Amino acid sequence: MRGGWELGAAAGGPLLLCAALLAVGCALGLRLGRGLGAADRGALAWLCFDALVHFALVNCINQHLVLQLSFARRRNRQKNKPLSCSLEGPFVYLSLVGNITDSDALIASLWKEYGKADARWLYLDPTIVSLEILTVVLGGFLALVLIYAIVEEKHYRHFIQITLCVCELYGGWMTFCPDWLMGSPNLNTNNWLYFWVYLVFFNGVWVLIPGLLLWQSWVELKKMHHKGFNSGKKLQ
């Protein structure tokens, strides 16, 4: 693999935004987790960051889509052509607003930089768009519910935790598996930075931490089962 550490100048702002979201998420999670165990405080820090990332991306993407759609309408109006579109579904809507490559939005510069590692983020790939609808919207909502469940010690905490983790892992698998089966034509595996940092590290975080949270749920549910089983035996 060839070396290569040059970051696009336009990516500085979005990368600083991600760093700020990490700092805010960790601070908020640790504050919410005061009085809880270390594992739960760590989980809350991750979940706050995860939720902030999801909702920040949703907000930026929605703004980008509105701007792109407005531009498309003006352009077609100038050409005296009707806008050929249907807003009946999220995928159709996303498919009609252009692509990241042609955008000057702040969030687009982040995806342009990441697109050097995975070219599918530079245009509206159907698989990526479908997964973003699932993992960003549903994942963000579940993260908020899980934060509340941990802080308030709700009985459904581990059900939500398992559901969220499976959702995250499914999103990661389906992001890369289709491309792997085709020989990874969109993935840049020849550059050390793009492969190990952008593809392996950044995506690996969303595999490692959900995996650890699944293990935590397994251990806690096992404890609950043994506790209930032993209590039942004592009553007999």
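Residue indices follow the written sequence of each chain, beginning from 1 at its first position. In view of the model being predicted, local features appear only for residues whose pLDDT reaches at least 70, and side-chain atom pairs are presented and counted only at 80 or more, with totals across whole chains, interfaces and linings using the full set of residues. Based on all heavy atoms of the structure, the side-chain values leave hydrogens and waters out of the count.

Enquirer: Help me out: how do you make sense of the confidence of the model for the protein chain in this one?
Expert: A low pLDDT means the predicted coordinates there should not be read in detail. The predictor's confidence in any single residue is recorded as pLDDT, a number from 0 to 100. On average, residues of the protein chain carry a pLDDT of 79, and 69% of them reach 70 or more. Strands are runs of DSSP state E lasting at least 2 residues, helices are runs of H or I lasting at least 4, and numbering of each runs from the N terminus. Here helix α3 (residues 90-95) stands out as the least confident element of the protein chain, with mean pLDDT 34; helix α6 (residues 157-181) is the most confident, with 95. Contacts are assigned to residue pairs that have any heavy atoms within 4.5 Å of one another. Segment residues 80-96 is flagged for pLDDT under 50; beyond a separation of four residues in sequence, or across chains, it makes 26 contacts in the model.

Enquirer: Explanation requested: a nonpolar patch on the surface in the structure shown.
Expert: Together, Trp192, Trp196 and Val200 make up an exposed nonpolar region whose accessible area comes to about 280 Å². Each residue gets one of three labels from its accessible area relative to the maximum for its type: buried under 20%, exposed over 50%, partly exposed in between, using a 1.4 Å probe on protein chains only. Among the residues examined, Trp196 registers a relative accessible area of 41% and is labelled partly exposed. Only residues whose relative accessible area exceeds 30% and that form no salt bridge are eligible for patches; like-charged ones are grouped when within 9 Å, while nonpolar side chains (Val, Leu, Ile, Met, Phe, Trp, Tyr) are grouped when within 5 Å. Note on areas: Shrake-Rupley with a 1.4 Å probe; residue coverage comes only from the protein chains shown. What counts as a salt bridge is simple: a side-chain nitrogen of Lys or Arg found within 4 Å of a carboxyl oxygen of Asp or Glu.

Enquirer: Sorry if this is basic, but what is going on with α6 here?
Expert: Three or four residues apart is the spacing at which side chains of an α-helix point the same way, because the helix has 3.6 residues per turn. Between its terminal C-alpha atoms α6 stretches 36 Å, which fits the 36 Å expected from 25 residues at 1.5 Å a residue. Phi for Gly183, located one or two positions after α6, is positive at around 90°. Multiplying one less than the number of residues by 1.5 Å gives the expected span of a helix.

Enquirer: Whenever I open this one, helix α5 (residues 126-151) confuses me. Can you help?
Expert: Compared with the 38 Å implied by 1.5 Å per residue over 26 residues, the 37 Å span of α5 between its first and last C-alpha is a close match. N or O atoms within 3.5 Å of each other form a polar contact, as long as, within protein, one can give a hydrogen and the other can take it, and as long as residues adjacent in sequence are counted only when both atoms are side-chain atoms. With a side-chain oxygen lying 3.1 Å from the backbone nitrogen of Thr127, the N-terminal cap of α5 falls on Asp125. Glu153 occupies a position one or two residues after α5 and carries a positive phi of about 55°.

Enquirer: For this particular structure, what's the right way to read the packing of aromatic side chains?
Expert: Each pair of aromatic rings is reported with the distance of its centres and the angle of its planes. Pairing of aromatic side chains requires ring centres within 6.5 Å, counting the rings of Phe and Tyr and the six-membered ring of Trp. Pairs whose planes differ by under 30 degrees are stacked, by over 60 edge-to-face, and all others tilted. Evaluated as defined, the whole model comprises 11 aromatic pairs. Ring geometry for Trp46 against Phe49: centres 5.9 Å apart, planes inclined by 55°, an arrangement best described as tilted. One end of the pair, Trp46, and the other, Phe49, are both in helix α2 (residues 38-78), 3 residues apart, so they sit about a helical turn from each other. Overall, the relative accessible area of 11% leaves Phe49 in the buried class. Here the aromatic rings of Tyr194 and Tyr198 are separated by 5.4 Å at their centres, their planes lie at 45°, and the arrangement is tilted. You can see Tyr194 and its partner Tyr198 sitting in helix α7 (residues 192-235), 4 residues apart, about one turn around the helix. Taken together, the ring pairs in this structure connect Tyr114, Trp121, Tyr194, Tyr198, Phe201 and Phe202 into an aromatic cluster.

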